[in-house]
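Take a look at the letters that make up each chain.
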Amino acid sequence: VLQKWVNREISNFDYLIQLNTMAGRTYNDLAQYPVFPWILRDYTSEELDLNNPAVFRDLSKPIGVVNEKNAKAVKEKYENFEDPLGIIDKFHYGTHYSNAAGVMHYLIRVEPFTTLHIQLQSGRFDCADRQFHSIPATWQALMDNPNDVKELIPEFFYFPEFLENKNGFNLGQLQISKEVVNDVVLPKWAHSPEDFIYKHRKALESEYVSAHLHEWIDLIFGYKQRGPAAVEALNVFYYCTYEGAVDLDALTDEKERKALEGMINNFGQTPCQL
């Protein structure tokens, strides 16, 4: 697969899907849903210029520190973390770039994810300000907050329907602006959900991304996923998210085991290292 990708016999999209599959990710498990990168950082221009490297996100950095401002806070958190019991290793992020709640967050407007979201929120929609209501605002929140590290899902590159509230769900209104949450607000350069998907997919297959995609793959699936390389790249997550970090079979206390299983399922899981 790697050779095919290098020879440009398969697209960047196909390559990412195949890597996700090999690393145990699947559409059948929300806790291990395929993970895709944020690839753009320009969500405000009237036109999207894919020949300009400045419109792309830096793929060599985890999303939590793409904004240089956050790197210092993330580093300090890691260096100052001490677990008195010695069970929990130091980490940069207490949340994860891919988890079940994050998938439901993005896909809230389409079933079965609407129902799953309502179940997760004890029978109602979460408050409007926490809903996925705008692509530019979601990106801005990532830039402002080092604790929000959600990457994207494959649907952002082929499925315009998830950006529209075709079922007319009442998702509430934003507290400050009183704006009603309906269809997802798109970047200015996108004239419709279809246009967004078309341009976003074009960006994924662009020269710039083709030349830098391996840097992101190293962080998610490769050698910067754990160990000293991960520490240096500011890419260490809470210990429970890693494959093999917890031996559930060794836990004799049923309650403790259930709690850990719940944490692993809901918290996010790092893909198998390829």
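In the annotation of an unreviewed UniProt entry, the protein chain is listed under the name Neurobeachin-like 1 and assigned to Gavia stellata.

It is worth spelling out the packing of aromatic side chains at this point. The full count for this structure, using the stated rule, is 27 aromatic pairs. Where Phe-132 meets Phe-162, the ring centres are 6.4 Å apart and the plane angle is 15 degrees; that geometry is what we call stacked. In this pair, Phe-132 is assigned in the loop between helix H5 (113-120) and helix H6 (135-144) and Phe-162 in the loop between H6 and helix H7 (193-204), connecting sequence segments 30 residues apart. The two residues Phe-132 and Phe-162 agree in class, both being buried. Between the NZ or CZ atom of Lys-90 and the centre of the ring of Tyr-78, over which it lies, the distance is 5.9 Å. A cation over a ring is seen here: Arg-201 above Phe-13, with NZ or CZ 4.2 Å from the ring centre.

With 74 residues, the main nonpolar core has Trp-38, Leu-40, Ile-135, Phe-156, Leu-163 and Phe-196 as its most contacted residues. Among the elements of the structure, helix H2 (12-22), helix H3 (68-80), helix H4 (100-106), H6, H7, helix H8 (207-220) and helix H10 (254-267) are those that each provide at least two residues to this core. Tallying contributions element by element places H8 first for this core, with six residues. Not counting chain neighbours up to four residues away, the residues in contact with Phe-156 comprise Tyr-106, Phe-132, Ile-135, Phe-162, Phe-196, Ile-197 and His-200. The next biggest cluster of nonpolar side chains, apart from the first, holds seven residues, and it includes Phe-125, Ala-128, Leu-174 and Val-181.

This part is about H6. Residues spaced three or four apart along an α-helix face the same direction, because each turn holds 3.6 residues. Listed as buried for H6 are Ile-135, Thr-138, Trp-139, Leu-142 and Met-143. Taken end-on, H6 shows its buried residues confined to a sector of 140 degrees, consistent with a single buried face. Looking at the buried positions of H6, the neighbouring elements they touch are H3 and H7. Capping of H6 at its N-terminal end is provided by Ser-134; its side-chain oxygen lies 3.0 Å from the backbone amide nitrogen of Ala-137.

What H3 keeps buried is the set Asn-70, Ala-71, Val-74 and Tyr-78. What you see down the axis of H3 is that its buried residues fit within an arc of 110 degrees, all on one side. Exposed residues on H3 whose side chains face more than 90 degrees from its buried face are Lys-69, Lys-72 and Asn-80. On the buried face of H3, the contacting elements are H6 and helix H9 (228-232).

Our next topic: the pattern of salt bridges. Tallied over the entire structure, the rule returns 13 salt bridges. Across the pair Glu-207 and Arg-8 runs a salt bridge whose closest N-O atoms are separated by 2.9 Å. Remark: Arg-8 occurs in the loop between helix H1 (2-6) and H2 and Glu-207 occurs in helix H8; sequence separation between them is 199 residues. No difference in accessibility class separates Glu-207 from Arg-8, as the two residues are exposed. In this structure, the salt-bridge partner of Asp-148 is Lys-150, at a minimum N-O distance of 3.5 Å. Assigned by exposure class, Asp-148 and Lys-150 land together as buried. Three or more residues joined by partner-sharing salt bridges are found here, namely Asp-58, Lys-61 and Glu-68.

This brings us to the environment of Pro-160. Looking at the secondary structure, you find Pro-160 in the loop between H6 and H7. Residue Pro-160 is classed as buried on the basis of its relative accessible area, which comes to 11%. The spacing of Pro-160 and Pro-193 is 33 residues in sequence and 5.0 Å in space, taken between C-alpha atoms. In this view, Pro-160 contacts Pro-193, Glu-194 and Ile-197; residues no more than four positions away in its chain are not counted.

Structurally, the position occupied by Asp-218 is in helix H8. Spatially, the C-alpha atom of Asp-218 lies 24 Å from that of Asp-144, the residues being 74 residues apart in sequence. Each residue touching Asp-218, except ones within four places of it in the same chain, is listed here: Tyr-223, Lys-224 and Gln-225.

This next bit is on the state of the cysteines. Defined simply, a disulfide is a covalent bond joining two cysteines at their sulfur atoms. In this structure the tally under the stated criterion is zero disulfides. Take Cys-272: it sits in no disulfide, and the sulfur closest to it among the cysteines is that of Cys-240, at 16 Å.

For the rest of this paragraph, the subject is the side chain of Asn-165. On the secondary structure map, Asn-165 appears in the loop between H6 and H7. The class of Asn-165 is buried, set by a relative accessible area of 8%. Polar contacts involving the side chain of Asn-165 include one to the main-chain carbonyl oxygen of Phe-169, which spans 2.9 Å. Sequence-distant contacts of Asn-165, that is, excluding residues within four places in its chain, are made with Arg-109, Leu-171, Asn-182 and Asp-183.

Definitions and limits used
Residues numbered from 1 in each chain as written. Predicted model: local features only at pLDDT ≥ 70, side-chain atom pairs only at ≥ 80, totals over all residues. Heavy atoms only, no water. Phe/Tyr/Trp six-rings, centres within 6.5 Å; stacked < 30°, edge-to-face > 60°. Helix = DSSP H or I, 4+ residues; strand = E, 2+ residues; numbered from the N terminus. Buried < 20%, exposed > 50% of the residue type's maximum accessible area, 1.4 Å probe, protein only. Lys NZ or Arg CZ within 6 Å of the ring centre and 35° of its normal. Core = buried A, V, L, I, M, F, W, Y, C linked by side-chain atoms within 4.5 Å. Contact = heavy atoms within 4.5 Å. Arc of directions from axis to C-beta. Polar contact = N/O pair within 3.5 Å; in protein donor to acceptor, adjacent residues only side chain to side chain. Salt bridge = Lys/Arg side-chain N within 4 Å of Asp/Glu carboxyl O. Disulfide = S-S within 2.5 Å.

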